Amino acid sequence: MVKSEIKHVNKCRICKSKDLIDVLDLTNQPIPNGFLTKIQLKEKEEKYPLAVCFCNHCSLMQLRYLVNPKVMFDNYLYIPSASKTRISHFKNLAQEIKELTKFNEKSLIIDIGSNDGSLLTEFKNLGARTLGIDPAENLVKVADLSGIETVNDYFDSQVAKKIVRKYGKAKAILATNVIAHINDLYEVMKGGEILLEDNGIFLMQFPYTLDLIEKNLFDTIYHEHLSYFSLKSLIVLAQNSDLEIFDIEKSDLDGGSLKVYWKKKSNKKRKVNIDKINKILNEEKAYGLYDVKTYQDFTNRIEKLKNNSIKKLTSLKKKGKTIVGYGAAAKANVLLNYFGIDKKLIDYIVDSTPYKQGRFTPGSHIPIYPESKIYETNPDYILIFAWNFSKEIMDKNRKFKNNGGKFIFIEPEIKIV
Ligand code: JHZ
């Protein structure tokens, strides 16, 4: 696949069925983390179709068009450490895995999509040996500087074999917010089988499709997220695998996510929490997650949401109000580009990520500043794009609120607080 080539998906990534039904088209968009420098603003911007379809067989919602991963991930500007809430989640996760696996200084903990190494740092602090895997060259350097050794690659069974030869097997493999980014999920499972110690665990965490649909979180649909999982779809994925799900937890992170715990089938010491698995499967069925109509209704709600939001924001602007954005998240760009919002409506966006500051949002070309900019210009409204961190953002901006400023939320319905 050459750099700008698009791959059209005509069979399901998990069950291989060709019965894929188009459900939502978010139009052609630039890649969601493709923040532009001032010089790049003058160049032609590459845009790619962004649309999802529903597999009528295993019910996996998935992207209809795939962008070459090298375009999206080789140089990556998103870092988890720009949000305290996420880091505190990482701290708790490390503690939880310590209790579950009783890892010690000899145990190897692997993180797939390890980014700047911030999750593994928490494991290192608890005394484990750590190894990251990440394709982003820029972030591997950052992780190395903070003492987290990282293999600069995309995870698959070949990489897993190399790691076992050099470092041994893993007590725990972590894959937080990365499984949705990987096209060949069977390679992930194979890699897990190769890499995991016999009594080890493999944890996947990803935004949960039921929450996405229920809360109208359409902006989490973007080119990086190839799959939108239900539990059912993962069970289909595991049918011929040596790994099996032994537990599941729901988490509030990122608008609602699922933590799925895998073990080797041969490991009989860990019991499979079959009641929990059945409970979640029943919830999915009762909600309609296996029914295409649920997704079609979602699409209709999103179209309405778009029209209502644009109307509301335009009317504020007509009254002479100033609106700025908070959090130049990947999902901010989906919303801006799908709604057709630009500098005429949003003056600027603030973000705590040093790599994003001084750049411009892809497609909409809105400038990004450090968070302190809010107190230089005192806007009337802040639109919170990073809604998953609204508490952290509102807490640190009490002064803005006390000065009479208001916050705008788009999902699930446009609301001013
Ligand atoms: P955040 C990323 O999506 C990319 P994004 C990725 N594809 C993925 O799957 C999801 O994460 C889960 C800023 N911020 O984490 C920091 C402030 O400025 O929701 C971030 O740029 N001030 C891997 O990009 C952005 O908001 C703050 O106080 O949607 C949040 O981005 C806080 C708390 C955040 O991920």
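Residues numbered from 1 in each chain as written. Predicted model: local features only at pLDDT ≥ 70, side-chain atom pairs only at ≥ 80, totals over all residues. Heavy atoms only, no water.

Trainee: Is there a simple way to explain the site of the ligand in this structure?
Mentor: In the vicinity of the ligand lie 28 residues, with E224, A330, K331, D351 and K396 positioned nearest. The separation between an oxygen atom of the ligand and a polar side-chain atom of D351 is 2.6 Å. Notes on the ligand: free accessible area 730 Å², of which the protein chains cover 97%. Mapped by element, the contributors of at least two residues to the shell around the ligand are helix 11 (330-339) and helix 13 (390-396). Among the elements that line the shell around the ligand, the one with the most residues is helix 13, at three residues. Considering only residue class, the shell around the ligand consists of 11 nonpolar, eight polar and nine charged. (Near = heavy atom within 4 Å. Polar contact = N/O pair within 3.5 Å; in protein donor to acceptor, adjacent residues only side chain to side chain. Areas by Shrake-Rupley, 256 points an atom, 1.4 Å probe, with all protein chains shown as cover. Helix = DSSP H or I, 4+ residues; strand = E, 2+ residues; numbered from the N terminus. Nonpolar A, V, L, I, M, F, W, Y, C, P; charged D, E, K, R; others polar.)

Trainee: Can you walk me through the sheet that holds strand 6 (residues 108-112) in this structure?
Mentor: One key point about sheets: their strands pair by backbone hydrogen bonds, in either a parallel or an antiparallel sense. The strand order across the open sheet formed by seven strands is 8-7-6-9-10-13-12, and the pairing between neighbours is mixed. Each edge of the sheet is formed by a strand with only one pairing partner; in this case those strands are strand 8 (150-151) and strand 12 (243-251). Pairing of strand 7 (residues 129-133) with strand 8, which is carried by two bridges, proceeds in the parallel orientation. Counted as the bridge partner of G132 is T150 from strand 8. (Pairing = 2+ DSSP bridges.)

Trainee: Could you clarify how one ought to interpret unusual backbone geometry in this entry?
Mentor: Glycine aside, negative phi is the norm for most residues, and most peptide bonds take the trans geometry. Following E411, the chain continues into P412 via a peptide bond in cis, with omega recorded as 0 degrees. Structurally, P412 is set in the loop between strand 18 (406-409) and strand 19 (415-416). The phi dihedral of N115 falls on the positive side, at around 55 degrees, and the residue is not glycine. As for its placement among the helices and strands, N115 is situated in the loop between strand 6 and helix 3 (118-125). The class of N115 is buried, set by a relative accessible area of 6%. (Buried < 20%, exposed > 50% of the residue type's maximum accessible area, 1.4 Å probe, protein only.)

Trainee: Looking at this structure, how should I read helix 3?
Mentor: Along an α-helix, residues three or four positions apart point the same way, because every turn accommodates 3.6 residues. The set of residues buried in helix 3 consists of S118, L119, L120, E122 and F123. The elements touched by buried residues of helix 3 are helix 2 (84-101), strand 6, strand 7 and strand 9 (170-176). Just downstream of helix 3 lies G127, where phi reads positive at about 100 degrees. (Contact = heavy atoms within 4.5 Å.)

Trainee: So what exactly am I meant to see when it comes to the packing of helix 5 (residues 157-167) against helix 6 (residues 185-195) here?
Mentor: Two measures define how a pair of helices packs: the angle their axes make with one another and the distance between the axes. Close contact between helix 5 and helix 6 brings their axes to 8 Å; oriented N to C, the two are set at 15 degrees. Here helix 5 lies roughly parallel to helix 6, going by the angle between them. When the axes of helix 5 and helix 6 are compared, the crossing they make is right-handed. From helix 5, S157, Q158, A160, K161, I163 and V164 reach across to helix 6, where they touch E187, K190, G191, I194 and L195. Of the residues in the contact of helix 5 with helix 6, the class split is five nonpolar, three polar and three charged. (Axes fitted to C-alpha atoms, helices over the stretch in contact; angles between N-to-C directions. Parallel < 35°, antiparallel > 145°, perpendicular 65-115°, else oblique. Left-handed = near helix turned anticlockwise from the far one by under 90°.)

Trainee: Just to check I follow, could you spell out the nonpolar core for this structure?
Mentor: Side chains of a nonpolar character, in soluble globular proteins, are inclined to be buried together. One finds F202, F218, I221 and W262 to be the most contacted residues of the largest nonpolar core, which totals 111 residues. Sequence-distant contacts of F202, defined by excluding residues within four places in its chain, comprise I112, I173, A175, V188, G192, L196, L243, V260, Y261 and W262. Counting residues in each nonpolar core, the second largest holds 19 residues, with I87, A143, I148 and L174 among its members. (Core = buried A, V, L, I, M, F, W, Y, C linked by side-chain atoms within 4.5 Å.)

Trainee: Which parts of the structure should I look at to understand the sheet that holds strand 11 (residues 227-228)?
Mentor: If you trace the four strands from one edge of the open sheet to the other, you get 2-3-4-11, paired in antiparallel fashion. Looking at which strands have only one partner, the edges of the open sheet turn out to be strand 2 (20-29) and strand 11. In this sheet, strand 11 lies alongside strand 4 (residues 61-63) in antiparallel orientation, the contact comprising two bridges. Residue M61 lies in a different strand from strand 11, and its bridge partner there is Y228. Of the strands in this sheet, strand 2 and strand 3 (48-55) are in contact with helix 11, which crosses strand 2 at around 85 degrees.

Trainee: Help me understand the packing of aromatic side chains, please; the structure alone is not making it clear to me.
Mentor: Each aromatic ring pair is characterised by the separation of its centres together with the angle its planes make. Applying the stated criterion across every chain yields a total of 11 aromatic pairs. Here the aromatic rings of F73 and Y76 are separated by 5.6 Å at their centres, their planes lie at 65 degrees, and the arrangement is edge-to-face. Chaining the aromatic ring pairs together yields one cluster made of F73, Y76 and Y78. Positioned above the aromatic ring of Y290, the side-chain terminus of K232 is 4.4 Å from the ring centre. (Phe/Tyr/Trp six-rings, centres within 6.5 Å; stacked < 30°, edge-to-face > 60°. Lys NZ or Arg CZ within 6 Å of the ring centre and 35° of its normal.)

Trainee: Could you clarify how one ought to interpret a positive patch on the surface in this entry?
Mentor: Taken together, the side chains of K7, K11, K16 and K18 make up a positively charged region of the molecular surface. Along the chain, the position of K7 falls in strand 1 (residues 6-8). Take K7: its relative accessible area is 40%, and that puts it in the partly exposed class. (Patch = residues over 30% accessible without salt bridge, like charges linked within 9 Å, V, L, I, M, F, W, Y side chains within 5 Å. Salt bridge = Lys/Arg side-chain N within 4 Å of Asp/Glu carboxyl O. Lys, Arg positive; Asp, Glu negative; His and termini not counted. Charge placed at Lys NZ, Arg CZ, Asp CG, Glu CD.)

The analysis is restricted to geometry; functional conclusions fall outside its scope.
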